[in-house]
Amino acid sequence: VIDSSAQVPAVAPLSPAAARLLVPQLGATDRFWTRPDRSERGEAKIGAPIVWDAGPPWELWLEAREEEGGGVRLAASLRRGEERLPASPPPLVLGGSGFLLANDPVNTPVNTPVNNRLAPLADAGSRWLALLEPARTLRVPAAERDELLSHLLAKGHLPRLDLPESLRFEEARPAPRPLLRLLSPAWPRGAPRAELSFLYEGHEVASGSPQRGFYRPEERRFLLRDPEAERWSAARLRELGFRSDPDPFSRLPALQVPANRVPKAVSTLLAEGWSVEAEGKHYRSAGPFRMSVSSGVDWFDLHGEAEFEGRTVPLPEVLAAIRRGQRFVPLNDGSLGMLPEEWIEKFAPIARLGTAEGDHVRFRSVQAVLLDAWLADEPEIAADENFERARRRLHEFSRIAPADPPPGFRGELRPYQQAGLGWLHFLRDFGFGGCLADDMGLGKTVQVLALLESRRELRATNELPPSLVVVPRSLVFNWLSEAARFTPDLRVLDHTGAGRSRESNLFQDYDLVITTYGTLRKDVGLLREMEFEYLILDEAQAIKSASSQTAKAARLLRGRHRLALTGTPVENHLGELWSLLEFLNPGFLGASSAFRAHAGELRAENRGLLARALRPLILRRTKEAVARELPPKTEQTIYCELPSKQRRVYDELRDHYRSTIGRRIGEQGWGRSKILVLEALLRLRQAACHPGLVDPGRRGDPSAKLDLLLPQLREVLDEGHKALVFSQFTSFLALLRAQLDAEGISYLYLDGQTRDRQEKVEAFQSDPGRQLFLISLKAGGLGLNLTAADYVYLLDPWWNPAVEAQAIDRAHRIGQERPVFASRIVARDTVEEKILELQKSKRDLADAVIQADRSLLAGLGREDLELLLS
């Protein structure tokens, strides 16, 4: 029932939902009337019937009309297409239910029903219904016209507008730019909070605001918001780890994010065009990076500046921020330039090199190879003629011409050795130190002797100092004999032993001084006083630990040119590469701590960059590639099953360490448990070889490896072959010797305590009756030429396949005429078998920089440990 006496606007006593359901049905009957009322004299009036109007909904319009003086009169009307309801008497609007009741024209006779029409009303702008009454028309001064229009357009549920020409505007839908504000956590140790809003051509609106957009009166444009784009932005934050978590005790923003995700999220969002602020500071996204190179006598200067949305930062400040591990750089207006992830990855290797000087970074001339490799993908870089000339020469490296040996050299160089000699000349011309990293057995010593002979011939007409070569003690005789054979005119001083001279002026009478690493440490005070022409380190892995006394002593030596010889430039990790190159080219890779910290995290593209930079400095050839005349080499892995007694010992030991290590890691963490881990791996390897290595009381127990090896040795020796047997455990070799002695099998033996190494080597090489050589892997992996052997047995494989390859190369090297058969003996279902699995999966890091296999121990992780102890 409708109360016809209600004031406008009036609200029906029905709920909106009920009204929308029932009113159309009631209006379709003839029994829907207004409630009767009484006259002032108390006479009864007749109610009016209500007729349902099933036409389209009526719409509320706001009509703005200009008045004299520039003001605006604002009124309301109800329209439906061309129809328009008169303003008087005002219709009865059933607010909230979506209906209105409009009377037919007046002049109806007294006590006769009034024909009322009930029609739907569009639900938009109901708050403006009061303006339907002419008496309530709103007048706005001229100065507030734009403010009125801005207010009208910004609100939701806007009624239709009827505007004069002077107030009409254009609607635009610009793309919003998301704005993220990062705020401090609500509570100590809490997650950072964030606010999301959007910028529309400079106007900011909070996410979730009902505001429709922004009116720009000077342009007569209304900027509409893009709800779809805003919803996508909110979803993007969720993808990056932001979560909505309202705090019921404060008005802090609901968004929060784990602190460790903030840097990556900010970098990602800036790259996607977002605007980001933190603690009142605005983050700016990166733009172009401009660089140029100029050169001096022995240095190159790299100039550059990065742009961040119109603000520029010089290159040294960008590199300093990357070096500190920061993801942003301060800008001169107080904002922060966000460093893109690709910049950090690309600049990180170079950020730790060079010296900042004002607005540029200075690099040493020897670092030209690094700078060239780093700038190879920067086509826009400007460079002066000196640097371009250096780059051209570096690019011609692959076309270095082979060099013939000098006339005083006795013997012939193979083609790859002539190429190596040409490379050595290339290094001298450029002033680079280099590493000759050929496979064992390819004649590194011979190539260097040819170089030294060419320098000897120049000493007659030039004041050149002698050269110094530092070798392991076991290789002194080899160098002396090789020099006597290939360069007999070379005057060589053996600076070793207790009888060596302590007078440096004696060196001038010689072309080459040979000393050992032990002597170097003792005589470093003497040796550093003199400048040598060439400083040469043979088996240069001796300085792989940069902090060792040997490495420190080597770096104190003074020489015009530096060379390193080694078949394994990197054995365990890339930090060893720093130590080697710091000797060869001081300062080449920056500070040791910085390089070591970054080396393990090199991404594939930066590994490639480092590899390109090192290519001219490290010459690596394999036997398969250059010494095709060598006979074939066959390698195999022979598996043996532990006998029950040995299996029981091994399993008990494995279970003990598995539980002990698990408990230790739980209590002290992985880092503080590694000593126990190494102990466990050592003991398990020993148990896999022989129980007597773990418990001397079990020396008489059976060993699967010895049970497999001895019959094979007897067969090989009976057929007239010669064999090498390597083990890392001298105690295991001792057990093998005991069994050989018991069977009457003769053998030669060599370990780190052996003094007459050369005599034993010559006996094995020349005496047909000396068929078997037992060698500790550490003592016999270097400098031995044992080509009389054609069978090699490795009793206990370990992390570094390159060390095993060195052992095999004692037999498979130049001078070998028979096929070589190498066998690794592995105990099945032990830590040894698991080690082989890890060798296959962990070779890529150093391998991508230097072509050789590396140790796995430095990269051992908890998952690997679980595999080894399984």
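For clarity, every value in this text was computed on a predicted model and none was experimentally measured.

Report on empty space enclosed by the protein, specifying residues and quantitative values.
Tallied over the entire structure, the rule returns 6 cavities of 30 Å³ or more. The volume enclosed by the second largest cavity comes to roughly 50 Å³. Lining of the second largest cavity is provided by Leu452, Arg455, Arg456, Arg459, Pro465, Pro466, Ser467, Leu490, Asp511 and Glu533. The dominant element in the lining of the second largest cavity, judged by the number of residues it contributes, is helix α10 (residues 444-459), at 4 residues. Here the residues of the lining of the second largest cavity are counted per class, giving 4 nonpolar, 1 polar and 5 charged.

An account of the side chain of Arg145 is requested, with residue identities and associated values reported.
As for its placement among the helices and strands, Arg145 is situated in helix α2 (residues 145-154). On the accessibility criterion, Arg145 (14% relative accessible area) is buried. At 2.9 Å, the side chain of Arg145 and the side chain of Glu66 are in polar contact. With residues up to four places along the chain from it excluded, the contact list for Arg145 reads Glu66, Gly70, Val72, Val140, Ser166 and Leu167.

How would you explain the sheet that holds strand β15 (residues 221-224) if you had to name every residue and give the values?
Taken together, the 3 strands give an open sheet; going across it, the order is β10-β15-β14, and neighbouring strands pair in mixed fashion. The open sheet has two edge strands, β10 (170-172) and β14 (213-216), and neither has a second partner. With strand direction ignored, the average angle separating the axes of adjacent strands in the sheet is 20°. Along the sheet face, α2 touches β14 and β15 and points at about 160° away from the line of β14.

If you had to explain the nonpolar core to someone new, which residues and values would you point to?
Counting residues in each nonpolar core, the largest one holds 105 residues, and the members touching the most others are Leu302, Leu339, Phe347, Leu375, Trp479 and Phe588. It is helix α7 (residues 368-375) that contributes the most residues to this core, 7 residues altogether. Discounting chain neighbours no more than four positions away, the residues touching Leu375 are Met291, Val293, Leu302, Ile381, Phe387 and Arg391. Among the nonpolar cores identified, the runner-up in size contains 45 residues, and Leu653, Ile661, Leu676 and Cys689 belong to it.

I'd like to hear about the packing of α10 against helix α11 (residues 476-486), residue by residue, with values.
Packing of α10 against α11 leaves a shortest axis separation of 10 Å and a crossing angle of 55°. If you check the angle between α10 and α11, you find them oblique. Here the hand of the crossing between α10 and α11 comes out right-handed. Seen from α10, the contacting residues are Thr445, Val446, Val448 and Leu449; seen from α11, they are Asn478, Trp479, Glu482, Ala483 and Phe486. Tallied by class, the residues present in the contact of α10 with α11 amount to 6 nonpolar, 2 polar and 1 charged.

Calculation rules
- Residues numbered from 1 in each chain as written.
- Predicted model: local features only at pLDDT ≥ 70, side-chain atom pairs only at ≥ 80, totals over all residues.
- Heavy atoms only, no water.
- 1 Å grid on protein atoms, 1.4 Å probe; cavity = no way out; pocket = protein on both sides within 12 Å on 5 of 7 lines; lining within 4 Å.
- Points joined across faces, edges and corners; volume = space filled by probe spheres on them.
- Helix = DSSP H or I, 4+ residues; strand = E, 2+ residues; numbered from the N terminus.
- Nonpolar A, V, L, I, M, F, W, Y, C, P; charged D, E, K, R; others polar.
- Buried < 20%, exposed > 50% of the residue type's maximum accessible area, 1.4 Å probe, protein only.
- Polar contact = N/O pair within 3.5 Å; in protein donor to acceptor, adjacent residues only side chain to side chain.
- Contact = heavy atoms within 4.5 Å.
- Pairing = 2+ DSSP bridges.
- Axes fitted to C-alpha atoms, helices over the stretch in contact; angles between N-to-C directions.
- Core = buried A, V, L, I, M, F, W, Y, C linked by side-chain atoms within 4.5 Å.
- Parallel < 35°, antiparallel > 145°, perpendicular 65-115°, else oblique.
- Left-handed = near helix turned anticlockwise from the far one by under 90°.

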